[in-house]
Amino acid sequence: MRRLMYVLLFALLTSGMTYAQQAKYVFYFIGDGMGVNQVNGTEMYLAELEGRIGIKPLLFTTFPVAGMATTFSATNSVTDSSAAGTALSTGEKTYNGAIGMDDNKNVLQTVAEKAKKAGKKVGVTTSVSVDHATPAAFYAHQPNRSMYYEIALDLPKAGFDFYAGGGFLKPTTTADKKEAPSIFPIFEENGYTIARGLDEYRSKAAKADKMILIQKEGAEPSCLPYAIDRKEGDLTLAEITESAISFLTKGKDKGFFLMVEGGKIDWACHSNDPATTFNEVVDMDNAVRVAYDFYKKHPKETLIVITADHETGGLG
């Protein structure tokens, strides 16, 4: 199936690179599995909630520049998130399953790594696990997306300032199913403060040089709860975005690059569940709203990019 992705302000990686280089603050939002119909369906759903036929625009669909792109990988007409994430982070197509590598398994430099080398602070955040394909494609370099332990070990090597998500899928087990030292002490040895939940983040952020924010102890590490099922006290993508901005702008502010993934749009579409899908799109739009509020304070220095890695589910 030919898959389309919805792109807004795609200037970061294409023709608008000149402007992107001038931006002090760059937000890069990725709706995993979010094709045109997921966006349009959400807007129709929001209008129906108001008792009318038509659409109620999401915030990001009101942005001034829009485009579309096909998303085939180097080896398949239907990409997966790792190949698509690598294409979004590096500008290079690769094989399905690759994380930060080309189709010959050579390491590719990501836009996040370039931002870090340019002296910017860098954050990689998601509503799923930090070692999942899309966030991993910005900081890791592994031949297979299922190498979760090895991907996690690449996190301190990248040296980014802020990571956040549900947790980590295989914190003590290698890709060949062998027991290994826990990744958490390794993170701490490399200067990372680990915050489990917002309360811990708020108490630790001021003294932390680098931060990893995940859910509270005992929560499901694979992801945040679906927006449609959320309970009071659950960590949200909007809260993660707020925390990332706060952390990346503290101290000497040289600007930042922040990737934010709405990762469970894809999961809901795999389940052919439109109601859950629409709520996940709204949830990502709420995170975009946090970035937009920041933009309004820094309108001449901020670039917000909204895109998707592919469409999932053939929603029509």
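Given the structure is predicted, the values throughout are model-derived calculations rather than measurements.

What counts and how
Residues numbered from 1 in each chain as written. Predicted model: local features only at pLDDT ≥ 70, side-chain atom pairs only at ≥ 80, totals over all residues. Heavy atoms only, no water. Helix = DSSP H or I, 4+ residues; strand = E, 2+ residues; numbered from the N terminus. Rg over C-alpha atoms; globule rule 2.2 N^0.38 Å. Buried < 20%, exposed > 50% of the residue type's maximum accessible area, 1.4 Å probe, protein only. Contact = heavy atoms within 4.5 Å. Areas by Shrake-Rupley, 256 points an atom, 1.4 Å probe, with all protein chains shown as cover. Lys, Arg positive; Asp, Glu negative; His and termini not counted. Charge placed at Lys NZ, Arg CZ, Asp CG, Glu CD. Core = buried A, V, L, I, M, F, W, Y, C linked by side-chain atoms within 4.5 Å. Salt bridge = Lys/Arg side-chain N within 4 Å of Asp/Glu carboxyl O.

*Asks:* What am I meant to see in the overall build of the chain here?
*Replies:* Scanning the chain from terminus to terminus reveals eleven helices and nine strands. The C-alpha radius of gyration of the chain comes to 18 Å, within 12% of the 20 Å expected for a compact globule of 316 residues. Expressed as a percentage of its 316 residues, the buried residues of the chain come to 55%. A separation threshold of at least 6 residues defines the contact pool for the chain, and within that pool the share at least 24 residues apart is 69%. For the chain, the accessible surface area stands at approximately 13400 Å², while carbon and sulfur atoms represent 51% of it. Both charge centroids of the chain, one from 33 positive and one from 38 negative side chains, sit 6 Å from each other.

*Asks:* Can you help me understand the nonpolar core in this one?
*Replies:* Proteins that are soluble and globular tend to have nonpolar side chains buried together. Counting 43 residues, the largest nonpolar core has Phe-27, Phe-29, Met-34, Phe-60, Phe-162 and Ile-306 as the members making the most contacts within it. When neighbours within four sequence positions are excluded, Phe-162 is seen to be in contact with Val-122, Gly-123, Val-124, Thr-125, Tyr-201, Met-211, Leu-213, Ile-240, Ser-243, Ala-244, Phe-247 and Leu-248.

*Asks:* In this structure, what is going on with the pattern of salt bridges? I would like to understand it.
*Replies:* Side chains that differ in sign of charge can pair as their charged atoms come close. Counted under the stated rule, the structure contains twelve salt bridges. Note that Arg-196 is salt-bridged to Glu-217, the shortest N-O span being 3.1 Å. Of this pair, Arg-196 sits in strand 6 (residues 192–196) while Glu-217 sits in the loop between strand 7 (210–214) and helix 9 (237–248); the two residues are 21 residues apart in sequence, bridging distant segments of the chain. For Arg-196, a relative accessible area of 23% corresponds to the partly exposed category. Between Asp-285 and Arg-289 there is a salt bridge; the shortest N-O distance is 3.8 Å. Of this pair, Asp-285 and Arg-289 both sit in helix 11 (residues 274–297), four residues apart, which is roughly one turn of that helix. For Arg-289, a relative accessible area of 39% puts it in the partly exposed group. Where salt bridges share partners, they join Glu-50, Arg-52 and Lys-56 into one cluster.

Treat this as a map of the structure, not an account of what it does.
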